[in-house]
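# Descriptive structure summary
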Amino acid sequence: MTNTIGEIEDASCILAVGTSTTDNHPIIGYQVKKAVRKGAKLIVVNPQEVDLCRFADLYLPIKPGSDVALLMGMARVILEEGLQDQLYIEERCENFAQFKKSLKAFTPEFVEDTTGVPWDDVAQAARLYAQSKPASILYCMGITQHSHGTDNVFAVSNLALITGNLGRTSGGVNPLRGQNNVQGACDMGLLPNVFTGYQRVDDAEARRKFEQAWGCTLNPTPGLTHTEIFDAAYEGKIKAIYLVGENPILTEANASHAREALEKLEFFVVQDIFLTETAQLADVVLPGASFAEKDGTFTNTERRVQRVRQVIPSVGDSKPDWQITCAIAQKMGAKGFDFNSAEEIFKEITTLTPSYAGISYDRLEQKGGLQWPCPTADHPGTAILHAEKFATPSGKGKLMPLKYRPPAEEACGDYPLVLTTDRSIFQYHSTMTRRAPGLDIMNGEAYVRLHPTDAAALGIEDGQEVMVTSRRGKVKVKARLTRRVRPGVASLSFHFAECPTNLLTSPALDPVAKIPETKVCAVRIEKA
């Protein structure tokens, strides 16, 4: 997030696109509701009428995968009606002429036909967003999990830039992370092209710093992304995988391909807190400790580093992940893994990571949390990013010309419906919560949500068992009829091993981020 969670309640307008905030991020959803009670305008863009729509001034039921057309259409309205912040554009942005030229393709007719949203509603959303300052954009995986997810993010950024909403209190572009420490994992270099703090592995100066600290030579070539690893394993190019805290048998797009890839490995190690569906395929399972059994830090979606404190002893033979990894490294004869505590590791992190350099356990105890970048021990942390300049060579925000690219799969004769995925407020991803009987009482079974019009055409009744089939697989599940999905769209959650939704989903990748298009795939639905 460019801004803080606490600022959301003081926004004058909130554009929530591709997020079911009250279900997936209920604390942030509460901030949105507080903002609405204070008079903020709320615009919700989503293929499903999510709970947040109850509080919205305007709901745009977009066709899955058409976000670029809608967002660029909004930008066109803003410029045509002179609602942009021209001074901000001139002083703090670049590439405006090329961006403006690209908007010509997003005519009212094209936008309305592509998105399924009336042009008048698109224009109303643009006016609400541009004329209400500060305006905050919230988005989640409904924006990123597409074969054009990077373009979606650029389109969101464009809106914030032309209205002068980046670098200001209660504004910004605020991606809501899907799990509690995803931000922290990325900060620590769990990406194939960066070290900690997003220092690139192909940057010779950055690499030299880490080589000197660790006493070794480091590969200058970026590695494979999450999805590319499974492709390489399937092709026999990767022989072994050490998997920590993931359950791809349920969560990976085109999950049957992930299973086949893992089964081809010569050696497979899983480290997790439960014997997950994926762990059952492993040669070795290493029992990790849960959050309540270890010390350390989490970095949340607003870049806030916070302490995690052990409250119960480790269960059985489980150990904190860092202890297991260090023990393996020591058995392999590696040096530099003789840490005695999580705090010692954190101290090393701060010496090599400029954005974390001013953070310490002592300061975290005193402050309750600090937001990076925090470069020195007397720095208060950074609540708002890009307040004075952007992290670009010119220091200016770059407006991105965009073209509309359709999803990799669209509805057709054999597969006449579009399936999208969602989450339940009562379940957490795939591994963590299915062992909690109380949560299963609230939501212990998957349903495919269908619009009554589609169900009537298919002869399907509410609660009836159906077969959902895509080009990759099929699952059996009960139907739930609801007007909360738009006609032509079906929706499934992915929490349940009994209904492995990702057997269906598309492996088509965004060419930049390599994220699979799990939010759009073509399916047919029939009586089971």
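Right above here is the structure, for reference.
To keep things clear, this report deals only with the structure shown in the data block. (Residues numbered from 1 in each chain as written. Predicted model: local features only at pLDDT ≥ 70, side-chain atom pairs only at ≥ 80, totals over all residues. Heavy atoms only, no water.)

### Describing the overall build of the protein chain
Along the protein chain, the regular secondary structure elements total 19 helices and 19 strands. The C-alpha radius of gyration of the protein chain comes to 24 Å, within 12% of the 24 Å expected for a compact globule of 528 residues. Oriented by its inertia axes, the alpha-carbon framework of the protein chain measures out at about 65 × 60 × 40 Å. Scored against the burial criterion, the 528 residues of the protein chain give a buried share of 52%. The long-range fraction of contacts in the protein chain, counting pairs at least 24 apart against all pairs at least 6 apart in sequence, stands at 69%. Working note: accessible area of the protein chain is about 23600 Å², and carbon and sulfur atoms make up 52% of it. Across the protein chain, the centroid of the 57 positively charged side chains sits 2 Å from that of the 63 negatively charged ones. (Helix = DSSP H or I, 4+ residues; strand = E, 2+ residues; numbered from the N terminus. Rg over C-alpha atoms; globule rule 2.2 N^0.38 Å. Buried < 20%, exposed > 50% of the residue type's maximum accessible area, 1.4 Å probe, protein only. Contact = heavy atoms within 4.5 Å. Areas by Shrake-Rupley, 256 points an atom, 1.4 Å probe, with all protein chains shown as cover. Lys, Arg positive; Asp, Glu negative; His and termini not counted. Charge placed at Lys NZ, Arg CZ, Asp CG, Glu CD.)

### What to know about a negative patch on the surface
A contiguous patch of negative charge on the surface is contributed by E109, E112, D113 and D120. Among the elements that line the negative patch, the one with the most residues is helix α6 (residues 108–115), at three residues. A residue is classified by how much of its surface remains accessible, and E112, at 38% relative accessible area, is partly exposed. (Patch = residues over 30% accessible without salt bridge, like charges linked within 9 Å, V, L, I, M, F, W, Y side chains within 5 Å. Salt bridge = Lys/Arg side-chain N within 4 Å of Asp/Glu carboxyl O.)

### Observations concerning the sheet that holds strand β5 (residues 135–139)
As summarised here, the arrangement of the five strands in space is β3-β2-β1-β5-β6, forming an open sheet in which the pairing is parallel. Each end of this open sheet is capped by a strand with a single partner; those strands are β3 (58–60) and β6 (173–175). Across this sheet, the average inter-strand angle for adjacent strands is 15 degrees, counted without regard to direction. Across five bridges, the pairing between strand β1 (residues 13–17) and β5 is parallel. From the neighbouring strand, I14 faces β5, where its bridge partner is S136. (Pairing = 2+ DSSP bridges. Axes fitted to C-alpha atoms, helices over the stretch in contact; angles between N-to-C directions.)

### Digging into the state of the cysteines
In total, this model carries zero disulfides according to the counting rule given. Unpaired in this structure, C374 has its nearest cysteine sulfur neighbour in C186, at a distance of 20 Å. (Disulfide = S-S within 2.5 Å.)

### Side note on the pairing of strand β17 (residues 474–481)
Relative to β17, strand β15 (residues 447–450) runs parallel, the two sharing four bridges. Paired with L450 across the two strands is L481, which belongs to β17. By the bridge criterion, five bridges tie strand β16 (residues 465–469) to β17 in an arrangement that is antiparallel. Bridge pairing links T469 to K474 in β17. Joining the antiparallel neighbours β16 and β17 is a turn of four residues.

### With respect to a nonpolar patch on the surface
There is a patch of nonpolar side chains on the surface, built from I425, F426, I441 and M442 and spanning about 410 Å² of accessible area. The residue F426 is located in the loop between β14 (417–422) and α18 (437–442) in this model. In this structure F426 comes out as partly exposed when scored by relative accessible area, which is 31%.

### Focus: the sheet that holds strand β8 (residues 267–272)
Strand order in the open sheet formed by three strands is β7-β8-β9, and the pairing between neighbours is parallel. Every interior strand has two partners, whereas the edge strands, β7 (240–244) and β9 (284–287), have only one. Averaged over all pairs of adjacent strands, the angle between their axes in this sheet comes to 10 degrees, without regard to strand direction. Relative to β8, β7 is paired through five bridges, and the arrangement is parallel. In the strand pairing of β8, Y242 is matched with V269. Most of the contacts of helix α15 (residues 321–331) go to β7, to which it runs at about 155 degrees, and overall it touches β7, β8 and β9.

### Let's talk about unusual backbone geometry
Between K133 and the following residue, P134, the backbone shows a cis peptide bond with an omega angle of 0 degrees. Within the secondary structure, P134 is located in the loop between α7 (119–131) and β5. Across the junction of W372 and P373, the peptide omega takes the value 0 degrees, indicating a cis bond. Structurally, P373 can be placed in the loop between β12 (370–371) and β13 (397–398). Positive phi, normally seen in glycine, also occurs at S170, with a value near 65 degrees. Structurally, S170 is set in the loop between α9 (149–162) and β6. By relative accessible area, S170 is classed as buried at 5%. The backbone of N254 shows a phi angle near 55 degrees, a positive value even though the residue is not glycine.

### What about the pattern of salt bridges?
Between side chains of opposite charge, a pair can form when the charged atoms approach closely. All told, the structure shown has 21 salt bridges when counted by the stated rule. Note that R54 and D51 form a salt bridge whose closest N and O atoms lie 2.8 Å from each other. Taking the relative accessible area as the measure of exposure, R54 reaches 55% and is therefore exposed. Note that R524 and E526 form a salt bridge whose closest N and O atoms lie 3.7 Å from each other. Relative accessible area serves as the criterion here: at 27%, R524 is assigned to the partly exposed category. What makes E526 partly exposed here is its relative accessible area of 39%. Within the structure, one salt-bridge network assembled from shared partners comprises E9, D10, K34 and K38.

### Here we look at the side chain of D67
Within the secondary structure layout, D67 lies in helix α3 (residues 67–80). No salt bridge is formed by the buried D67; its nearest oppositely charged neighbour, K519, is found at 11 Å. If sequence neighbours within four positions are ignored, D67 has contacts with V17, I62, G142, I143, H146 and N152.

### Some details on α9
Between its first and last C-alpha, α9 extends 20 Å over 14 residues, near the 20 Å set by a 1.5 Å rise per residue. Counting buried residues in α9 gives eleven out of 14 residues, a clear majority hidden from the surface. All buried positions along α9 are accounted for by G149, T150, D151, N152, A155, V156, N158, L159, A160, L161 and I162. Of the residues one or two after α9, G164 is the one with positive phi, at around 70 degrees. (Expected span 1.5 Å × (residues − 1).)

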